[in-house]
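Breakdown of the fold
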Amino acid sequence: MVNILEVVHDESLPKENWWGKNCVCQINDFWFLPKFLPSTIRVLNEFKPLPNDVILASFPKTGTTWLKSLVFSIVNRSSKESLVKHNPHDLVPTLEVQVFGTTHQSSSITTHDESHSTRLYSTHIPYQLLGNTFHSSNCRVIYITRNPKDTLVSMWHFTNKWKDADQDGPWHLEEAIEKFCSGVFPGGPYYDHVMGFRKASLEKPKNIFSITYEELMKDTKIHVKRLAEFLGCPFMNDEEVDEIVKNCSFDILSSYEVNKSGDFPSWFQVPYNSFFRQGVVGDHKNYLDAKTIERIDALTRDKFHGAGFMY
Ligand code: A3P
């Protein structure tokens, strides 16, 4: 077990090649991009959530952007103007990227409404590392997860859009599959990340809300209402919910200039438009062959089904 308080640089940590020249470093069984290691450690050591904070947690590429737009809209109600002007990641900053990263920003950017007491943040840090921090206050956590095969395919596309992707050569799908299955993946292993939060949400349902991308896709309206109830701000009328569902839909959000932009944010090496690709369930069928699907399904059965979580 690495003592997180003592980790100040990555040289002492296990390291594995992930893609091209990019490595990932391991802290207590989870893999991180070295770039975000210092800020991740700062989050673990310094972040003190307030009881009203809401943290959106996820494994990368499982629907974080969508969840950010929805929760921002639920908390702030009239959100359209903000969503037109800002990418959801600039409305709900990620703890280990914008908040404790090199481009340190104040928490006041979280709601654009300084009088509002709810601070919204997101994180990809696993529950196994951040759980104690959450429970140091009564803050609420919303975890989104997604079918592993769609998550893998989404990450593969996303990584190939990185600024230095050309330099490193493309990340071949076969390599991505191997890395995903072995768990050597930023935030990975995926299965442990998911199980950490799923189990915690069963143990502490008042504090940790868990939802899947597929559930949200099947009936966004119902789940937006459930999220609002969980956050203690239920809706009084259906029209408001319909408006939020529409404003946060893939088609509407991805049509905004800010989200079509090829500009790079200050905090990561992908253009803003790479957060919106297909936005559908089951796209993996267009990329993975039958053997790979069976391989990942077997892994999923082994890791999830025993714990009663079906995918
Ligand atoms: P695809 O690559 O399968 O299209 P994250 O936000 O965690 O990075 O996840 C990105 C995935 O969510 C991408 O999936 C992206 O297209 C999809 N996505 C982004 N905004 C969405 C929205 N409003 N509705 C549904 N899916 C969305």
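Residues numbered from 1 in each chain as written. Predicted model: local features only at pLDDT ≥ 70, side-chain atom pairs only at ≥ 80, totals over all residues.

Counting its regular elements, the protein contains 16 helices and seven strands. The C-alpha atoms of the protein give a radius of gyration of 19 Å, which matches the 19 Å a tight globule of 311 residues would have. Along the first, second and third principal axes, the C-alpha atoms of the protein reach 50 × 45 × 45 Å. Classification of the 311 residues of the protein by burial places 41% in the buried group. Looking at the protein alone, contacts between residues at least 24 apart form 70% of all its contacts between residues at least 6 apart. (Helix = DSSP H or I, 4+ residues; strand = E, 2+ residues; numbered from the N terminus. Rg over C-alpha atoms; globule rule 2.2 N^0.38 Å. Buried ≥ 20, exposed ≤ 12 C-beta atoms within 10 Å, placed from the backbone. Contact = placed C-beta atoms within 7 Å.)

On to the sheet that holds strand β2 (residues 22-27). If you walk across this open sheet you meet the three strands as β1-β2-β3, and the pairing is antiparallel. Both edges of this open sheet fall to β1 (15-19) and β3 (30-32), since each of them pairs with a single strand only. Adjacent strand axes in the sheet meet at a mean angle of 40° when their direction is disregarded. Pairing geometry for β2 and β3, over three bridges, is antiparallel. Following the sheet pairing, C25 is matched in β3 by F32. (Pairing = 2+ DSSP bridges. Axes fitted to C-alpha atoms, helices over the stretch in contact; angles between N-to-C directions.)

For the rest of this paragraph, the subject is the site of the ligand. Taken together, 21 residues lie around the ligand, and T64, T65, S154, R277 and G279 are the ones closest in. Among the residues forming the shell around the ligand, the class breakdown is seven nonpolar, 10 polar and four charged. (Near = placed C-beta within 6 Å. Nonpolar A, V, L, I, M, F, W, Y, C, P; charged D, E, K, R; others polar.)

Let us look at the confidence of the model for the protein. Should the pLDDT be low somewhere, the predicted coordinates at that spot are not to be read in detail. Averaged over every residue, the pLDDT of the protein is 91; residues scoring 70 or more account for 91%. Low confidence marks residues 105-115, where pLDDT is under 50. Its contacts with residues over four positions away, or in another chain, come to 19 contacts. ipTM for the predicted complex: 1.00, alongside a pTM of 0.94. (pLDDT = per-residue confidence, 0-100.)

The next point concerns the environment of F134. Checked against the element boundaries, F134 lands in helix α6 (residues 127-135). The buried category is assigned to F134, around which 22 C-beta atoms lie within 10 Å. In this structure, the C-alpha to C-alpha distance between F134 and K48, residues 86 residues apart in sequence, is 8.3 Å. The residues touching F134, leaving out its near neighbours within four places in the chain, are P49, I55, C139 and V141.

What follows deals with the sheet that holds strand β6 (residues 140-145). Read from one edge to the other, the open sheet built from four strands follows the order β5-β4-β6-β7, with strand pairing classed as parallel. Looking along the sheet, the strands with just one partner apiece sit at the ends: β5 (120-123) and β7 (208-212). For this sheet, the mean inter-axis angle between neighbouring strands, taken without regard to orientation, is 20°. One ladder, built from five bridges, connects strand β4 (residues 54-58) with β6; its direction is parallel. Its bridge partner being in β6, L56 is matched across the sheet by I142. The sheet strands contacting helix α2 (residues 64-76) are β4, β5 and β6, and the helix crosses β4 at an angle near 165°.

Looking only at α6, the buried set comprises Y127, L129, L130, T133 and F134. Looking straight down α6, one finds its buried side chains confined to an arc of 150°; they lie on one side. (Arc of directions from axis to C-beta.)

This paragraph deals with the packing of helix α7 (residues 148-159) against helix α9 (residues 173-182). Where α7 contacts α9, the axes come no closer than 10 Å and their chain directions differ by 130°. Comparing the axis directions of α7 and α9 gives the class oblique. Crossing of α7 against α9: the hand is right-handed. Residue-level contacts link L152, M155 and W156 of α7 to L173, A176, I177 and F180 of α9. Partitioning the contact of α7 with α9 into residue classes produces seven nonpolar, no polar and no charged. (Parallel < 35°, antiparallel > 145°, perpendicular 65-115°, else oblique. Left-handed = near helix turned anticlockwise from the far one by under 90°.)

In this section: unusual backbone geometry. Of the consecutive residues G188 and P189, the connecting peptide bond is found in the cis state with omega at 5°. Its identity is not glycine, yet D29 carries a phi of approximately 75°, on the positive side. Of note in the backbone geometry, K61 takes a positive phi value of approximately 70° without being a glycine.

In this section: the nonpolar core. Counting residues in hydrophobic clusters, the biggest one holds 74 residues, and the most contacted among them are I55, L70, V71, I74, V141, I142 and L227. Among the elements that line this core, the one with the most residues is α2, at seven residues. Leave out the neighbours within four places in its chain, and V141 touches I55, A57, F134, N207 and I208. (Core = buried A, V, L, I, M, F, W, Y, C linked by C-beta atoms within 7 Å.)

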